[in-house]
Amino acid sequence: MEKMNVSSERNITLIMDFYELTMSYNYFKMGKGEQIVYFDMFYRKNPDNGGFVIFAGLQQLIEAIQDMHFSEGDIEYLRSLHIFDEDFFDYLRNFKFTGTIYAVKEGTPVFPYEPLVTVKAKLIEAQLIETFLLVTINHQSLIATKAHRVCQEAKGRPVMEFGARRAQGYDGAHYGARAAYIGGVAGTATTSAGVAFGVPVLGTMAHSFVQSFDSEFEAFKAYATIYPDSCVLLVDTYDTLKSGVPNAIRVAEEVLAPMGKRLAGIRLDSGDIAYLTKKARMMLDVAGLHDCKITVSNSLDEYLIRSVLEQGAQIDSFGVGENMIVSKSAPVFGGVYKLAAVEKDGQIIPKIKISENTEKITNPGYKKVYRLIEKETNKAIADIIAFHDEILDEGQDLTIYHQSDAWKNKTLYAGTYEIVPLQELIFDQGKCVYPEYSLEEIRAYSTKQKALLWDEVFRLEYPHIYYVDLTKKLLDYKLKMLAEGGKTE
Ligand SMILES: Nc1ncnc2c1ncn2[C@@H]1O[C@H](COP(=O)(O)OP(=O)(O)OP(=O)(O)O)[C@@H](O)[C@H]1O
Ligand SMILES: O=P(O)(O)OC[C@H]1O[C@H](OP(=O)(O)OP(=O)(O)O)[C@H](O)[C@@H]1O
Ligand SMILES: O=C(O)c1cccnc1
């Protein structure tokens, strides 16, 4: 792999579990590499026991696939391992992804077990994209989901993403900021995300700024002089109520007012947020600074935000760093990539993964997933997974089935529901046919899609379990395969 340099383009092709290469070499030698196969990327459990996940990371996945190549340096390294041959290196040297990919649009709320990305490709190609497909989607979907939860509890108040310093590495910070914006934050302190993705960059000041001056007042004055239109002062360096807030008010009166400017805000970063913000609000109001906003930060997450607001804290916006950028309370998003079918003699043969652990049993076959919208309420009733060639007709009654129990089913009556395909065509035989959406478009789409869900799905604790069901044909096929121990011929 080329040496990683965060300030230049890099080749991430070998962000790849080594077994992808050893398996691929085997396919290559056995003449199986060209066989067409179908893989699904899906996940099993919502982080934080939440109601859904916000799908994110597709744009970076597209770019990684388009850029996928093995450099001479990569090949030299692989040669040094003495387990592959020159024919394989020739293959890798000329490697280009030629498969077809369907995926859910970024910003879509998604649910366990539904195929989010479906790959139809030659076996080696499908295998070699596994790791970076998963790391990209797993990371950004996790952070977008966390950000959604944090913003949901902020109840319309802007949330600033402050996490770079405690992110898990540079990419964690950079792409985490992108994902957090998809999830709903107002902006980020991570400047690179402004450059790369157009995420609004925001920020206040650090304690070091205040400490670097002879006095807190001097520091505030200096800041207000340079930024009279957007002056947010950090008031907790010495004593929030005795020094910070009074000095902020003094700057508003003595520095900003003569310039015809107003103090934009103060930030509190320690102590009892409920108590201090109530007191600070009173002090600001008494000084006539009703329009001065109060921002708080300090290891916040969705639960703390909910708590301080329930306590009547007087807060206009939040800064959230460490708990969001690493999704601290649920740091692993377990998206998986499973073989669902292979082609043989022009036939698609479904494959299943059987497990003692019923949660790990896969849905076989080349599939499509649809969202079913109730016309009367314009709310999503359930998602349904079908074989790719099954025709679902809104003009007919449709019975949807639990993923393993046929007796758990529900019938939707003709004309009462709409069927919306969830996945879009992204790559068509190696060619990207999907437009690049701006983050603003993705956020707007996400907001619209979230509005289709019932309020109960949004609860932080014990959310309503949204149904992801199967068609009768798919369930019957799956049960038959299970009864036969997974064999298909
Ligand atoms: N009213 C409150 N209810 C619930 N949690 C709160 C409240 N006020 C603050 N917290 C949270 O309590 C945690 C600890 O804050 P605390 O003020 O005790 O320490 P600190 O501010 O980190 O101390 P330091 O002065 O060293 O920064 C933080 O996560 C903070 O957001
Ligand atoms: O708490 P977070 O949600 O991660 O928000 C970001 C934190 O980063 C800064 O702290 P800093 O690095 O100066 O350290 P400290 O405030 O914890 O001392 C800022 O003052 C916030 O406290
Ligand atoms: O701009 C800020 O206030 C900020 C940025 C990063 C971390 N903490 C605070």
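Residues numbered from 1 in each chain as written. Chains lettered and ligands numbered in written order. Predicted model: local features only at pLDDT ≥ 70, side-chain atom pairs only at ≥ 80, totals over all residues.

An unreviewed UniProt entry lists the protein under the name Nicotinate phosphoribosyltransferase, from Longibaculum muris. UniProt, in the comment section headed Pathway (unreviewed entry), describes the protein in these words: "Cofactor biosynthesis; NAD(+) biosynthesis; nicotinate D-ribonucleotide from nicotinate: step 1/1." Among the UniProt annotations of the protein, the heading Function (unreviewed entry) holds the following wording: "Catalyzes the first step in the biosynthesis of NAD from nicotinic acid, the ATP-dependent synthesis of beta-nicotinate D-ribonucleotide from nicotinate and 5-phospho-D-ribose 1-phosphate." (UniProt positions renumbered as here; feature names shortened; annotations may be inferred.)

*Asks:* Where do I start with the site of ligand 1 in this structure?
*Replies:* What surrounds ligand 1 is the set S270, G271, D272, I273, A274, N298, S299, L300, L304, S307, V308 and Q311. If you list the elements that add at least two residues to the shell around ligand 1, you get α12 (273-286) and α13 (302-310). The greatest single-element share of the shell around ligand 1, amounting to three residues, is contributed by α13. Tallied by class, residues from the shell around ligand 1 come to five nonpolar, six polar and one charged. (Near = placed C-beta within 6 Å. Helix = DSSP H or I, 4+ residues; strand = E, 2+ residues; numbered from the N terminus. Nonpolar A, V, L, I, M, F, W, Y, C, P; charged D, E, K, R; others polar.)

*Asks:* So what exactly am I meant to see when it comes to the site of ligand 2 here?
*Replies:* Taken together, 15 residues sit near ligand 2, with F162, D269, S299, G321 and E322 positioned nearest. Here the residues of the shell around ligand 2 are counted per class, giving four nonpolar, seven polar and four charged.

*Asks:* Quick question: what am I supposed to make of the sheet that holds strand β12 (residues 336-344) here?
*Replies:* Within a sheet, neighbouring strands are paired by backbone hydrogen bonds and run either parallel or antiparallel to one another. Read across the open sheet, the seven strands follow the order β13-β12-β1-β5-β3-β19-β20; overall the sheet is antiparallel. Strand pairing shows two members of the sheet lacking a second neighbour, β13 (347-350) and β20 (431-432), which therefore form its edges. As judged from the four bridges shared by β12 and β13, these two strands associate in the antiparallel manner. Counterpart to A341 in the pairing with β13 is P350. (Pairing = 2+ DSSP bridges.)

*Asks:* Even after reading the chapter, I still don't get the UniProt feature "domain: Nicotinate/nicotinamide phosphoribosyltransferase" (unreviewed entry) in the protein, so can you show me in this structure?
*Replies:* Under the UniProt annotation, the feature "domain: Nicotinate/nicotinamide phosphoribosyltransferase" (unreviewed entry) is placed at residues 159-348. Within residues 159-348, the helical portion is 43% and the strand portion 16%, while the C-alpha atoms at the span's ends are 48 Å from each other.

*Asks:* What is the right way to read the packing of helix α7 (residues 169-183) against helix α15 (residues 439-450) from this model?
*Replies:* Two numbers describe a pair of packed helices, the interaxial angle and the distance between the axes. Interaxial distance between α7 and α15 falls to 8 Å at its minimum, and their mutual angle equals 40 degrees. Regarding the angle of α7 to α15, the classification is oblique. Taken together, the residues of α15 that come into contact with α7 (itself represented by R178, Y181 and I182) are L439, I442, R443 and S446. Looking at side-chain class alone, the contact of α7 with α15 contains four nonpolar, one polar and two charged residues. (Axes fitted to C-alpha atoms, helices over the stretch in contact; angles between N-to-C directions. Parallel < 35°, antiparallel > 145°, perpendicular 65-115°, else oblique. Contact = placed C-beta atoms within 7 Å.)

*Asks:* Any chance you could explain unusual backbone geometry here in plain terms?
*Replies:* For residues other than glycine, phi is negative in most cases, and the peptide bonds are mostly trans. Of note, the phi angle at N49 is positive, near 55 degrees, even though the residue is not glycine. Inspection of the secondary structure assignment puts N49 in the loop between β1 (36-42) and β2 (53-54). With 13 C-beta atoms counted inside 10 Å, the residue N49 sits in the partly exposed group. (Buried ≥ 20, exposed ≤ 12 C-beta atoms within 10 Å, placed from the backbone.)

*Asks:* I keep staring at the pairing of strand β5 (residues 117-122) and nothing clicks. Help me out?
*Replies:* In regular strands, side chains alternate between the two faces of the sheet. Counting buried positions over the six residues of β5 gives five, a clear majority of the element. With six bridges joining them, β1 and β5 adopt antiparallel strand pairing. By the bridge assignment for β5, M41 is matched with V117.

*Asks:* What am I meant to see in the UniProt feature "domain: Nicotinate phosphoribosyltransferase N-terminal" (unreviewed entry) in the protein here?
*Replies:* On the UniProt side, "domain: Nicotinate phosphoribosyltransferase N-terminal" (unreviewed entry) is annotated at positions that read residues 14-138 here. With 42% helix and 18% strand, residues 14-138 has end C-alpha atoms that lie 18 Å from one another.

*Asks:* How do you make sense of helix α6 (residues 130-154) when you look at a structure like this?
*Replies:* Think of an α-helix as turning once every 3.6 residues; residues three or four places apart then point the same way. In a regular helix each residue adds 1.5 Å, so 25 residues correspond to 36 Å; α6 covers 36 Å between its end C-alpha atoms and thus fits that length. Following α6 by one or two positions, K155 adopts a phi angle in the positive range, close to 50 degrees. (Expected span 1.5 Å × (residues − 1).)

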